[in-house]
Amino acid sequence: MRRLAACAALFLTVQAQAQIRPQAFGLPNGLRVVLLEDHERPLVRACLHLPLDPETNARPGLAAMALRVLGQSDAAAVRIGDFEQLLAGAGIELTPALRADGLSWSLLTRSRDQDLALGLLADRAFRSVLDTATLETERLAYWRETERLEASPRAKLRAVLEPDQTLQAPSLESLTTLSFEELLAFDARVLRPDRAVLVLHGDLGLEQAKRLVYLSFGTWTVSSAPHAPPHAPTTAPAAPSSLPKAAPAAPPPATPSVAPVASPQPVRINAPGALPRALAVALEPEDLDREARALLALLLPGDPALFPARIRIEGLDLVAALDGEAQASPAATEALLLERLQALRQRGFTEADLRQAKAAWSAGRALAGLHPEALVGEALDEARGRGTSPARMQALTVEGLNGALRRWLDPARLKAGALGAPRS
Amino acid sequence: MRRLVLLLLAALGLNAQTLRLEEVQERRLANGARLLVVERRGLAAFHATLVFRGGRAEESPAMAGATDLLARTLYGSTWPEDLDTAKGNGSLDALLKEEEGLLESLRLERLRQRKDPEAVSQLPALGANLWTLHEAVRARFSASPLADVYTARGGRQAATPGADALVVEAELPATDFEFWCRTEVQRLATLQLSRFSEARAALVAELRARGPQSLGLLQGAALPGHPYGRDLADHLPALEAMRRSDLQAWARTTCRPDRLTLVVVGGLGMDAVLPAVQRHFGALPSPPAAAAAEDPLLPEIPADLGDRRIQAAQGGAPRLLVGWRIPPRSHRDHLALRLAARLLGGPSGRLVQRLVRQKLLAQSAEVLMDVPGGRLPGLLVVDLVPAEGHSLAEVEGALHTEILRLQQESIPADEWQRALTQIDVEMLRTEDEPAALARGLGMAWVEAGDWRQAEQEAQRLRNTGPEAVQAAARIWLGPSHRTTLWLQAGSEESQDPLEAETARVLKALAASRIQDLAQREHLVAEGLRQLRMLSVEERRRTLKLLEAQLAPEKR
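What you see is a predicted model; the values in this text were computed from it and never measured.

J.: I tried to follow the overall build of chain B on my own but got confused; where do I start?
T.: Tallying secondary structure elements over chain B gives 23 helices and 11 strands in all. Looking at chain B as a whole, 53% of its 555 residues are labelled buried. Summarising the internal contacts of chain B: among those between residues at least 6 apart in sequence, 82% fall at separations of at least 24. Counting every atom, chain B has about 24,300 Å² of accessible surface; 54% of that belongs to carbon and sulfur.

J.: Even after reading the chapter, I still don't get the overall build of chain A, so can you show me in this structure?
T.: A tally of helices and strands in chain A yields 16 helices and 13 strands. Per-residue burial over chain A gives 52% buried out of 424 residues. By sequence separation, contacts in chain A at least 24 residues apart represent 86% of the contacts at least 6 residues apart. Put simply, chain A shows about 18,300 Å² of open surface, and 58% of that area lies on carbon and sulfur atoms.

J.: Even after reading the chapter, I still don't get the sheet that holds strand β1 (residues 22–26) of chain A, so can you show me in this structure?
T.: What links the strands of a sheet is backbone hydrogen bonding, and the strands pair in either a parallel or an antiparallel sense. All names here are of chain A. Taken together, the six strands give an open sheet; going across it, the order is β1-β2-β8-β3-β6-β5, and neighbouring strands pair in mixed fashion. Among the strands making up the open sheet, the edge pair consists of β1 and β5 (93–99). Neighbouring strand axes in the sheet, compared pairwise and without regard to direction, differ in orientation by 15 degrees on average. Summarising the sheet, strand β3 (residues 43–50) and strand β8 (residues 197–202) pair through six bridges and their orientation is antiparallel. In the sheet register, cysteine 47 faces β8, and the bridge partner there is valine 199. Contacting β2 (32–37), β3 and β8, helix α14 (residues 372–383) runs over the sheet at an angle of about 150 degrees to β8.

J.: Can you help me understand the packing of aromatic side chains in this one?
T.: Aromatic rings in a pair are described by how distant their centres are and how their planes are angled relative to each other. Residue and element names in this part refer to chain B. On inspection of all chains with the given rule, the structure shows 10 aromatic pairs over all chains. Where phenylalanine 46 meets tryptophan 180, the ring centres are 6.0 Å apart and the plane angle is 65 degrees; that geometry is what we call edge-to-face. Residue phenylalanine 46 is located in strand β3 (residues 45–53), and its partner tryptophan 180 is located in helix α7 (residues 177–190); the two are separated by 134 residues in the primary sequence. In this structure tryptophan 180 comes out as buried when scored by relative accessible area, which is 1%. Judged by centre distance (5.7 Å) and plane angle (40 degrees), the ring pair of tryptophan 180 and phenylalanine 281 falls under tilted. With tryptophan 180 in helix α7 and phenylalanine 281 in the loop between α12 (270–280) and α13 (289–293), this pair connects stretches of sequence that are 101 residues apart.

J.: Explanation requested: the interface of chain B and chain A in the structure shown.
T.: Often the size quoted for an interface is simply the accessible area lost on bringing the parts together. Listed by partner, the interface residues are 56 residues for chain B and 56 residues for chain A. Counting the contacts that link chain B with chain A gives nine salt bridges. Across the pair arginine 110 of chain A and aspartate 424 of chain B runs a salt bridge whose closest N-O atoms are separated by 3.0 Å. Taken together, chain B and chain A are joined by 14 residue pairs in polar contact (both at pLDDT 80 or more). Put simply, the parts of the chain that give the side of chain B that touches chain A at least two residues each are α1 (2–15), β3, α6 (149–152), β5 (165–173), α8 (196–210), α15 (350–358) and α17 (413–432) of chain B. With nine residues, the top contributor of residues to the side of chain B that touches chain A is α17 of chain B. Looking at the side of chain B that touches chain A, its residues break down into 25 nonpolar, 15 polar and 16 charged.

J.: When you look at the packing of helix α2 (residues 66–73) of chain B against helix α11 (residues 244–254) of chain B in this model, what are you seeing that I'm missing?
T.: Two quantities define a packed helix pair, namely the angle between the axes and the distance from one axis to the other. All names here are of chain B. Where α2 contacts α11, the axes come no closer than 11 Å and their chain directions differ by 95 degrees. Comparing the axis directions of α2 and α11 gives the class roughly perpendicular. Only Leu247, Trp250 and Ala251 of α11 make contact with α2, whose side of the interface consists of Ala66, Thr67, Leu69, Leu70 and Thr73. Classifying every residue of the contact of α2 with α11 gives six nonpolar, two polar and no charged.

J.: Can you walk me through the packing of helix α4 (residues 80–89) of chain A against helix α5 (residues 114–126) of chain A in this structure?
T.: Residues and elements named next belong to chain A. Across the interface, α4 lies against α5 with an axial gap of 11 Å and an inter-helix angle of 150 degrees. Classified by the angle between their axes, α4 and α5 sit roughly antiparallel to one another. Here α4 and α5 pass one another in a crossing that is left-handed. Contact residues: α4 offers Ile80, Phe83, Leu86 and Leu87, while α5 offers Leu116, Leu120, Asp123 and Arg124.

J.: Would you mind showing me how to read the pattern of salt bridges here?
T.: Side chains that differ in sign of charge can pair as their charged atoms come close. For the structure shown, the criterion picks out 73 salt bridges over all chains. Across the pair arginine 429 of chain B and glutamate 93 of chain A runs a salt bridge, and its minimum N-O distance is 2.2 Å. On the criterion of chain membership, the pair formed by arginine 429 of chain B in helix α17 and glutamate 93 of chain A in strand β5 is interchain, its members lying in two chains. In this structure glutamate 93 of chain A comes out as partly exposed when scored by relative accessible area, which is 29%.

J.: Which parts of the structure should I look at to understand the sheet that holds strand β2 (residues 34–39) of chain B?
T.: All names here are of chain B. Across the sheet, six strands lie side by side as β1-β2-β6-β3-β5-β4; this open sheet has mixed pairing. Looking at strand neighbours, the two that pair on one side only are β1 (24–28) and β4 (156–161), the edges of this open sheet. Strand-to-strand, the axes of this sheet are offset by a mean angle of 15 degrees, without reference to chain direction. In terms of strand pairing, β2 meets strand β6 (residues 260–266) through six bridges, oriented parallel. Opposite leucine 35, over in β6, you have leucine 262 as the bridge partner. The strands that α2 touches are β4 and β5; relative to β4, the one it contacts most, it runs at about 175 degrees.

J.: What is the right way to look at α14 of chain A in this model?
T.: Each α-helix turn comprises 3.6 residues. Residues three or four places apart therefore point the same way. Residues and elements named next belong to chain A. With 12 residues, α14 extends 17 Å from end C-alpha to end C-alpha; this agrees with the ideal 16 Å at 1.5 Å per step. Here α14 has its buried residues at Pro372, Val376, Ala379 and Leu380. The buried side chains of α14 occupy one side of the element, clustering within an arc of 100 degrees when seen end-on. In the stretch just after α14, glycine 385 is the one whose phi turns positive, near 75 degrees.

J.: Hey, could you run me through the confidence of the model for chain B in this one?
T.: When pLDDT drops low, the exact placement of atoms in the prediction is not to be read closely. Residues and elements named next belong to chain B. Per-residue confidence for chain B averages 86 on the pLDDT scale, and 88% of its residues sit at or above 70. Ranking the helices and strands of chain B by mean pLDDT puts β5 first, with 98, and α1 last, with 38. Confidence drops under pLDDT 50 across residues 1–18; counting only partners more than four residues distant or on other chains, this segment forms 23 contacts.

What counts and how
- Residues numbered from 1 in each chain as written.
- Chains lettered and ligands numbered in written order.
- Predicted model: local features only at pLDDT ≥ 70, side-chain atom pairs only at ≥ 80, totals over all residues.
- Heavy atoms only, no water.
- Helix = DSSP H or I, 4+ residues; strand = E, 2+ residues; numbered from the N terminus.
- Buried < 20%, exposed > 50% of the residue type's maximum accessible area, 1.4 Å probe, protein only.
- Contact = heavy atoms within 4.5 Å.
- Areas by Shrake-Rupley, 256 points an atom, 1.4 Å probe, with all protein chains shown as cover.
- Pairing = 2+ DSSP bridges.
- Axes fitted to C-alpha atoms, helices over the stretch in contact; angles between N-to-C directions.
- Phe/Tyr/Trp six-rings, centres within 6.5 Å; stacked < 30°, edge-to-face > 60°.
- Salt bridge = Lys/Arg side-chain N within 4 Å of Asp/Glu carboxyl O.
- Polar contact = N/O pair within 3.5 Å; in protein donor to acceptor, adjacent residues only side chain to side chain.
- Nonpolar A, V, L, I, M, F, W, Y, C, P; charged D, E, K, R; others polar.
- Parallel < 35°, antiparallel > 145°, perpendicular 65-115°, else oblique.
- Left-handed = near helix turned anticlockwise from the far one by under 90°.
- Expected span 1.5 Å × (residues − 1).
- Arc of directions from axis to C-beta.
- pLDDT = per-residue confidence, 0-100.

Take a look at the structure:
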């Protein structure tokens, strides 16, 4: 009896103090699952991540459109309205996201509703029923959103400079030529369990998690045929009459998703009355060392060499901005920004900078516990082989760091542009 | 044995319950500052939120933008040079005072040049002096990329200006708690504001680039003459004339300890937190008794404003925004209105389900509460984008039908339960995330006068019935509290150029004389209507006369 009491006390102490250790398992269909068990509060978080393929990356707007259509489609035998009522009735939050490296759904639910929540996530991921009517509705809504960019010169400049084709705002032509068959093909190519990673965090144990994941995702198969209603037309529909007419369809570009070439024409956004502002955007090189990336994210935003320009990291993009003086032209502002970036690239960082950044990175790891969603993100990165390792961080040299900086700020990789009043 | 198992299960169950008052520990320092601590064992870091009550609502017209500037200059970064004035050669403060004088001379010289363009300009000389001075100031700062003392320790900090408060959030490893206390107090004691001129220029540029905001237009019309209805873009001259010393003086009254609540959530208990907080924050000087007692005088929002309407043009899709003036968070009807907003808004709410999905009248529907704040009477806003082929009038009619239904028809049990569940999940989430919990406690103190309000609202929710929501909707969501904004799709560029220019000049003239946006809109519309009756030549002459009344920089 006394031993049992001691065990119970130890269990409670360990439960309160122990670090959350990831536990991994898989399903026969190839789905990889990571569990972060934490019973502090009756909540469960999940993130299902699916990487995009080169074919999707080569088609601007396809992934974004697919995610929109999936979000408005019926799932399994549940109509979209009922699907949303089921989510809302249990207070389940299901949020889609798209980044250059993949699409994902994040889920938050009370632990008492975890069965329902994971079932609905599975329905959305591989039992969505695509139909042409939803495609047309979303096509129009997407175009309206793109048009709304016109109202904000800053947002428009940022969108025009987006280096990753997956995330670029679609042109009218690419939007009107996007066919239902392409959506079905996307569904079959991307939404497959053998490429997916599911991270679970919160108030559920390992056995419970295995049972739940097996029940919800066990029937997901690699060769899943596109889910289309029997009456779905197989030809590409004409653009709806409410969309402006585009030029005849061109085949999708065969370029890779990242086309880091300096634009031949300067990007200029006309903004009468606005002060000049230059922007330069560079997508993270695919082979960039994760540790170097983590340190650059610490070092670049505060570097005084960039003054008065500012730099920040947005997703996979490095974004530098400079607000010019009233009398400066947009072109001069852009030239000054690029000059600052190249000066920084040439200068690089010192051993002392590297040492300080490593210390800051190590200390900052303690902060992850303050953000349950960051813990999920870290576990996901780890499972995808994109996590940062303390051992590799320790081994990173200043040459490695500066090499990464030079690659990221390579002039051929930077896309730059400016907004301001046109000069007569 | 069975009892032990039950005990064990009960202990595990307790862990899974929602926030309890006893989890929050409170202390009051002698100088008036409040401290709230929520310990999360097992965390090796802490989240700290400083909430300074005040915010944009307490800015006088001459200090419009002060909260935003303070967030950028005082809390934009944490550099050692800003914390210790004795560091380096000479005084940084003296250089910054010199900069203030030069900036003011430049501003006055620009005004003089506009009035008398023929006069010999001092601008180049003043500009050169300022450049040299800026170089001297910059030379005093560290050239290290990790000069920010929090970033160098793996931490981060952000400040958010709001209508009711300035909220500063920091996160650091638990071992740095004492360091954080010392740094924050040094910051408040020094009030260096070394990046004042850059921050002000950036804020002015942002406001100019932003153009009119739809929500800002609605606030201006619904809350005329009140700081909640103010659009900063209308106060650019005041912002440009603000000096560093003005902001320092304002910060001394706003960032007083009696207006501060400090919330710490993380791996530190009260035993670890209180001594360091007392040592550092406790050393901040107490405000004079008279200053601590006085409440800022804020203008009342007239209750008899009636049903107001305005129209404006902007790029993109047309939009309908309807705002109802609602009571502050401390009012007994506020919680019922929060539930009403929950029933109407969100993907499962009535507006999306009926107007977007069933009737296909709208593309999107969104409901916002407490715009721009909850300490004083604010707005409940519905934002609707009509679907293709449907007019703003149709959508507005459908919205009013839904409001009437909410007021008159009984609320189905499943819909009611759904709204309660969503709020329950929202509260659980807030409790789970240290940043959200700290902010929630701090804002409850600001908006309702007591941090316990966050917990008490959860209790009251369980005792609120659908009838209370309907009663509150009948009182507050009626035409007498309503303001409607129609945002037309056409831009002003599509107008006749002469009319567009006349409209611009009339708006600028009206902006300098009339604060009430609805009255201003009415005056401009009436003026344009009358001018259309004149010949083109007469209209041109009238335009010239009107332009002559404008300040030179606005012509």
